Amino acid sequence: MDTAQLWAGVMKIRGARSINRKKEILSQYFELAPYLEMAYSPFHSYGMSKLVVPRTYGFTELTPQLLQVQLSILEQSSTIATRGVFRAFVAGLTLASQHIVACVINRTFDFGLGVPSINKVFPGLIYTMDVQLAKLYDPNKAKYPLLASVKYDGDRAQYRGGRFYSRTGQEFHGLDWLCEAIGMKAPILDGELMVHGKSFNAASGALRSYNETPDAEFFVFDIVDFDKPLSQRLEDAARFVYELNHPSVHFVTHQLVRSEDEALRLYHEAIDQKYEGLMLKVPDSEYANVRNNNWMKLKEVFTVDAVVTGVFEGRGKYEGMLGGVIVDLNGVMVKVSGGFSDYLRKVLWDDKSLIIGRTIEIAGQGLTEYGSMRHPRFIRIRHDKLDAMDI
């Protein structure tokens, strides 16, 4: 199947209405799989933020092997020179080939299927680093006694195979010195990366750059082992960290709490000490790659009203629907993409006048140093507040 047929398949998937129909069409284009892996794998970094299809095209037909050779050059050294050579390579490709390369470099085929759906069609094609996630604290579902630990305001990271990876599978570069210290024989460590003396945004930016981050610290709160309960995993993690005895690797201590009053006392102490909150975990729970009540988090959440100034389209499964809104928060433009139901996303995208200019209530986890909101989520439209004058 040549690239013209593959690109026709991509367009056919884009035009399909339902997710099931999109997956059904994708299953007929197995030859597209290598390009999907190049586009969506978290282990690829090409050093180009965007590629626009050139106005001219050539006659060279693209193959996965040919593209892989060119991309490997970019991954090894993305300079002005190598990017120029790559663009010259793209200019000589057929038009359909150029479109496919642009999707790979732009890291999306924009056909309404995310990585989970693609992996259902082609099992195991794209690596995903699923991690145990916590739900917000629900007193009705908290079964004491629980293990409590302070919640760090850092970047979630796993150390596996001698490298650090984010929860989405992106590698943290600039930590070779720390990887060398921990070594290859370490178990899979789960924790938070932080940079001493820097805010969350500044630290995250430093950790995700390619520059060395010599003042990074790793706070270990678990080991990924599906055969042991949490209490045993914590013993193993503590033993490893103490035997490693490295000044930049710390074990997060856990304390058994027997009541909600005791948990709330620790939570307020954590907030007073500038931690993000408190984690509560079931002592005998297994590690699971899901978000469930075995882990719950107590953290400060506040709400605020803001006026919607614009909207933007979603990507992946939300293509052709509302991706989110832009609100004016004390003069700072903030994107809010979470909290909308699929039904509301469709309705508001079809008739944007229903949301633009309206006052909405959003919830977040504090303000950044620049006045934006951390992790904002839509709560509701304030029908009792018709315009900005009512805020």
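On a predicted model such as this, the values are computed, not experimentally measured, just so you know.

Enquirer: Just checking my understanding: could you explain the sheet that holds strand S14 (residues 359–364) for this structure?
Expert: Strand pairing in a sheet takes place through backbone hydrogen bonds and is either antiparallel or parallel in direction. Taken in spatial order, the five strands line up as S13-S12-S11-S14-S15 in an open sheet, and their pairing is antiparallel. Two strands in the sheet have a free side with no partner beyond their single neighbour: strand S13 (332–336) and strand S15 (377–381). Adjacent strand axes in the sheet meet at a mean angle of 45° when their direction is disregarded. Here S14 pairs with S15 via four bridges, running antiparallel. The partner of isoleucine 362 across the bridge, within S15, is phenylalanine 378. With respect to the sheet, helix H12 (residues 342–350) is in contact with strand S11 (302–313), strand S12 (322–329) and S15, its orientation differing from that of S12 by roughly 70°.

Enquirer: What exactly am I supposed to notice about the packing of helix H4 (residues 64–76) against helix H6 (residues 95–105) here?
Expert: Packed helix pairs are specified by the crossing angle of their axes together with the interaxial distance, meaning the distance between the axes. H6 packs onto H4 with a crossing angle of 35° between their chain directions and a minimal axis gap of 12 Å. Crossing hand, H4 versus H6: right-handed. Listed contacts from H6 to Leu67, Leu71 and Leu74 of H4 are Val101, Val104 and Ile105. Residue classes in the contact of H4 with H6 are distributed as six nonpolar, no polar and no charged.

Enquirer: Any chance you could explain unusual backbone geometry here in plain terms?
Expert: Along the chain, tyrosine 144 connects to proline 145 via a cis peptide bond; the corresponding omega equals 5°. Mapped onto the fold, proline 145 is located in the loop between strand S1 (133–136) and strand S2 (146–151). Non-glycine residue lysine 274 carries a positive phi angle of around 70°.

Enquirer: Which parts of the structure should I look at to understand the packing of H4 against helix H5 (residues 80–91)?
Expert: Contact pair H4 / H5: the axes reach a minimum separation of 9 Å and the direction vectors enclose 160°. The angle between H4 and H5 falls in the class roughly antiparallel. Relative to H5, the crossing made by H4 is left-handed. In this structure, H4 contributes Leu66, Leu67, Gln70, Leu71, Ile73 and Leu74 to the contact, and H5 contributes Thr82, Arg83, Phe86 and Phe89.

Enquirer: Hey, could you run me through the packing of aromatic side chains in this one?
Expert: Within a pair of aromatic rings, the relevant descriptors are the distance that separates the centres and the angle that separates the planes. For the structure on display, the rule yields 13 aromatic pairs. Measuring from ring centre to ring centre gives 4.4 Å for phenylalanine 340 and phenylalanine 378, while their planes differ by 10°; the resulting arrangement is stacked. Here phenylalanine 340 is found in the loop between S13 and H12, whereas its partner phenylalanine 378 is found in strand S15, with 38 residues between them in sequence. Of the two residues, phenylalanine 340 and phenylalanine 378, both sit in the buried class. Taking NZ or CZ as reference, lysine 335 lies 4.9 Å from the ring centre of phenylalanine 312, over its face.

Enquirer: Help me out: how do you make sense of the side chain of aspartate 155 in this one?
Expert: One can find aspartate 155 in strand S3 (residues 155–160). A distance of 3.1 Å separates the side chain of aspartate 155 from the side chain of serine 204, its partner in a polar contact. Within the structure, aspartate 155 has its side chain in polar contact with the side chain of arginine 208 (distance 2.9 Å).

Procedures and definitions
Residues numbered from 1 in each chain as written. Predicted model: local features only at pLDDT ≥ 70, side-chain atom pairs only at ≥ 80, totals over all residues. Heavy atoms only, no water. Pairing = 2+ DSSP bridges. Helix = DSSP H or I, 4+ residues; strand = E, 2+ residues; numbered from the N terminus. Axes fitted to C-alpha atoms, helices over the stretch in contact; angles between N-to-C directions. Contact = heavy atoms within 4.5 Å. Left-handed = near helix turned anticlockwise from the far one by under 90°. Nonpolar A, V, L, I, M, F, W, Y, C, P; charged D, E, K, R; others polar. Parallel < 35°, antiparallel > 145°, perpendicular 65-115°, else oblique. Phe/Tyr/Trp six-rings, centres within 6.5 Å; stacked < 30°, edge-to-face > 60°. Buried < 20%, exposed > 50% of the residue type's maximum accessible area, 1.4 Å probe, protein only. Lys NZ or Arg CZ within 6 Å of the ring centre and 35° of its normal. Polar contact = N/O pair within 3.5 Å; in protein donor to acceptor, adjacent residues only side chain to side chain.

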